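# Coordinates in review
So you can see what is in the structure, the chains are spelled out below.
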Amino acid sequence: MDTSTPVPALPDRPRARLRRLLAAASAAVAVATALTAAATTPAAALDNDLAATPPMGWNSWNTFGCAIDEDLIESTADHLVSSGLAAKGYRYVNIDDCWQAPQRDQAGRLQADPTRFPSGIKALADHVHAQGLKLGIYSTAGTGTCQRLPGSLGHEDLDARTFASWGVDYLKYDHCFTEKSALPDVDRITLTGGDQTSSYEGEAAQPSGTAKTVSCPTCSGGARVTGLGAAKGALDFSVDVPTAGTYRLGIDYLYGADPRTSYYPTGYVTVNGQRAGDRIRFDPSPSAQQTASYRMDVTLAAGGNTIRLDNPLTDLKVKQDNFARMRDALAATGRPIVYSINANTQDGTSFADIANLWRTTQDIKPLWHSTSWYRGVDDIIEQNGRLGSATGPGHWNDPDMLEVGVRLDGFPGLTPDEERTHFSMWAMMAAPLIAGADVRTMSADTAEVLGNSAVIAVDQDRLGQAGTLVASSGDTEVWVRVLHNGDRAVVLRNRGTTTRQVTATPAQLGVTADNRYLVRDLWADTARTHVPAELSAAVPAHGVAMYRIHRLGR
Ligand code: GAL
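Residues numbered from 1 in each chain as written. Predicted model: local features only at pLDDT ≥ 70, side-chain atom pairs only at ≥ 80, totals over all residues. Heavy atoms only, no water.

## Section: the environment of V318
The condition is simple: Under the scheme used here, helices are H or I runs from DSSP no shorter than 4 residues and strands are E runs no shorter than 2 residues, and both carry numbers assigned from the N terminus. When a residue's accessible area, from a 1.4 Å probe over protein chains only, is under 20% of the maximum for its type it is buried; when over 50% it is exposed; and in between it is partly exposed. By the convention used here, residues are in contact when the closest approach between their heavy atoms is within 4.5 Å.
Assignment of secondary structure puts V318 in helix α6 (residues 315–333). A relative accessible area of 0% places V318 in the buried class. Remark: the alpha-carbon pair of V318 and K180, spanning 138 residues in sequence, is separated by 6.7 Å. When residues no more than four places from it in sequence are discounted, the contact partners of V318 are E179, S181, R279 and L313.

As structure tokens, then:
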């Protein structure tokens, strides 16, 4: 199906009065839009004065995974400077997962792996800062990182202070070994007061919502209650105690964690309508068939009481809570630290009120299209390209880091045309440009793609408005991004496997017949004066042609 959306005409420089009138009108529209947006947008964007344009830098993960050490990070910083990439904007040197020692120190602080980072992170930050660059680090909103090293859940304040004391400037905060809002299945509860313990079977309690009793041969009473929490299911126990006071509540539950799904069920206890304690995180039971017990103190009245087990929060709210805790902990340090999150949410949810950038897709790998869990460049453009309206100064969609120049065992890598598409489209989407290649040994081609200043200028344009797909036909697409001075960045894209002629109409480009334009080809680095007509190019398979159009006047 063909689609075509014209974009507004490029602004006319000489007509200042008209421009002022238009500016006034558009300010009125902006106010009206802001008012409408305020009615529908739940929260304002995070305002920490950071990431006015999408962050640029390097990250260790895409090429090195866990094979990192302080020499690599230091020499990468040195090469970012000597290659000229730092001067082009690549200034964050980000250490991904696996920098941590397996244990916190005696004061409960995260510490660097003593073998691979013997000088510690502070010394590394000093080296990076001395190069005029900034240091990034990695942790998770979970008990562990994705590589099973210590995570920051429950340690947010201390970890944020530790990072700040080391001189960290950027935190990538991931989502493994984290919390879900569903409770585990409940077998029964017990109440102990003095030396008396009474037990109440789940199947004898009152279920509501999605909660229901199912058979369980290994449970007491032969049954358990499933479907609890996730803002959908609750279980009310009616309990009787002879005297008012503190009792020990035991919740016997079953949760055989699948080692591949690294999350913890969570829930709340409410006694006679009053929330008792914080959100409970349930550790795995020995197996899906064996119970474990969570114990806490509750205050009961003499006679009848109601103990409710539920979780009124959605999964998304639990994530937002946990990511916001680190946001607030970073803010409390007083150090400017860019906050980059991966909430493992791929449905287009914006985390603009929580973070400077948030991942919008599963992990990228150096390939075009993937049928596995990983994402290729074309998959990500399809997914992230639709989300542009969420992006803007200080808050950016993050379609994951760059695979330009990354060679990884088990993956095909990108062709030169695919690499240009990757870089061009990340710029059109106003994405962070975090290089993943080994910059110490990168080829001239990789340096040329990563170092294309004209494409970088599109990415870093201070208006921060992501480009949109204005026309598509079969395998061909036209993308247009409006820039702060009224210029347009244009990508003619071919998703097919043979060369195709791709054409953008004047209406799609926003050019009008009474003007002349300067059209610069951002990859061929050529410019020509153009009277409005179609913009057309023979675009190679999986490739792009990219232009910047500037109005010259009549
Ligand atoms: C993934 C993340 C990757 C990398 C990895 C480290 O969740 O998407 O970019 O950080 O964890 O374990």
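## Points about the UniProt feature "domain: Alpha galactosidase C-terminal" (unreviewed entry) in the protein chain
Defined as follows: UniProt positions are given in the numbering used here, feature names are shortened, and annotations may be inferred rather than shown by experiment.
UniProt feature "domain: Alpha galactosidase C-terminal" (unreviewed entry): in the numbering of this structure it lies at residues 474–549. Between the first and last C-alpha atoms of residues 474–549 the distance is 25 Å; the span itself is 5% helix and 54% strand.

## Topic: the domain arrangement of the protein chain
Quoted interface sizes are often the accessible area lost when the parts come together. Using the following cut-off: The split of the chain into domains comes from an automatic or database domain assignment. Simply put, the buried area is the total loss of 1.4 Å probe accessible area from both parts when two parts are fitted together. The salt bridge definition used is simple: a Lys or Arg side-chain nitrogen within 4 Å of an Asp or Glu carboxyl oxygen. Pairs of N or O atoms within 3.5 Å make up the polar contacts considered here, provided that, within protein, one atom can donate a hydrogen while the other can accept it, and that residues adjacent in sequence are counted only when both atoms are side-chain atoms. Under the scheme applied here, ten amino acids are nonpolar (Ala, Val, Leu, Ile, Met, Phe, Trp, Tyr, Cys and Pro), four are charged (Asp, Glu, Lys and Arg), and all others, including Gly, are polar.
Domain parsing of the protein chain yields domain 1 (56–178 + 316–459), domain 2 (182–313) and domain 3 (468–553). Placing the centre of domain 1 and that of domain 2 at their C-alpha centroids yields a distance of 39 Å. Across the boundary between the two partners, domain 1 contributes 11 residues, which contact 7 residues of domain 2. Buried area between domain 1 and domain 2, summed over both chains or domains, comes out near 780 Å², and the portion from carbon and sulfur atoms is 51%. Ranking the residues of domain 1 by area buried against domain 2 places F177, T178 and V318 at the top, with a combined share of 47%. A salt bridge links D321 to R279; the nearest nitrogen and oxygen atoms lie 3.0 Å apart. At the junction of domain 1 and domain 2, the tally comes to 4 residue pairs in polar contact (both at pLDDT 80 or more). A per-element tally of the side of domain 1 that touches domain 2 places α6 first, with 5 residues. Looking at the side of domain 1 that touches domain 2, its residues break down into 4 nonpolar, 3 polar and 4 charged.

## Considerations on the site of the ligand
Condition: The criterion for a residue being near a molecule or strand is simple. One of its heavy atoms has to lie within 4 Å of it.
Close to the ligand lie W61, D96, D97, Y138, C146, Q147, K172, D174, N342, R359, D363 and M401, which account for all nearby residues. K172 is positioned with one of its side-chain polar atoms (N or O) 2.8 Å from an oxygen atom of the ligand. Interatomic distance of 2.9 Å between a side-chain N/O atom of R359 and an oxygen atom of the ligand. Here the shell around the ligand is composed, by residue class, of 4 nonpolar, 2 polar and 6 charged.

## A closer look at the nonpolar core
Defined as follows: In plain words, nonpolar cores are sets of buried Ala, Val, Leu, Ile, Met, Phe, Trp, Tyr and Cys residues tied together by side-chain atoms within 4.5 Å.
Of all hydrophobic cores here, the largest spans 82 residues; its most connected members are Y90, W99, I121, Y339, I341, F423 and W426. Considering every element that reaches this core, the biggest residue donor is helix α8 (residues 416–428), with 5 residues. Mapped onto the domain boundaries, this core takes at least three residues apiece from domain 1 (56–178 + 316–459) and domain 3 (468–553). Setting aside anything within four residues of it in sequence, one finds F423 in contact with Y90, L402, L433, V449, L450, N452, V455, I456 and W523. Listed in part, the 29 residues of the second largest apolar core include A205, L228, F237 and Y253.

## Quick word on the state of the cysteines
Inclusion rule: Working definition: a disulfide is two cysteine sulfur atoms within 2.5 Å of each other.
According to the stated counting rule, one finds 3 disulfides in the structure shown. The disulfide that involves C66 links it to C98, with 1.8 Å between the sulfurs. Of this pair, C66 sits in the loop between α2 (61–64) and α3 (70–82) while C98 sits in the loop between β3 (92–94) and α4 (120–130); the two residues are 32 residues apart in sequence, bridging distant segments of the chain. Exposure remark for C66: the relative accessible area of 32% places this residue in the partly exposed category. C216 shares a disulfide with C219; S-S distance 2.0 Å. For the disulfide bridge between C216 and C219, the dihedral angle about the S-S bond is near 65°, and by the sign convention the bridge is right-handed. The same class applies to C216 and to C219, which are both buried. For the protein chain, the bonded cysteines pair up as 1-2, 3-4, 5-6 when numbered in the order they occur along the sequence.

## Here we look at α3
Stated precisely, the cut-off is as follows: Given a helix with a known number of residues, its expected span is that number minus one, times 1.5 Å.
Taking 1.5 Å of rise per residue, 13 residues should cover 18 Å, and α3 covers 18 Å from first to last C-alpha, within 8% of that figure. Among all positions in α3, only E70, L72, I73, S75, T76, A77 and L80 are buried. Taken together, the buried residues of α3 touch β2 (56–59), α2, β3, α4 and β4 (134–140). The N-terminus of α3 is capped by D69, whose side-chain oxygen sits 3.2 Å from the backbone nitrogen of D71. Phi turns positive one or two residues past the end of α3, at G84, with a value near 90°.

## Describing unusual backbone geometry
The phi angle at A51 is positive, at roughly 55°, despite the residue not being glycine. Structurally, A51 is set in the loop between α1 (16–40) and β2. The class for A51 is buried, based on a relative accessible area of 12%. Even without glycine at this site, N344 takes up a positive phi of about 50°. Along the chain, the position of N344 falls in the loop between β18 (338–341) and β19 (357–359). Exposure remark for N344: the relative accessible area of 31% places this residue in the partly exposed category.

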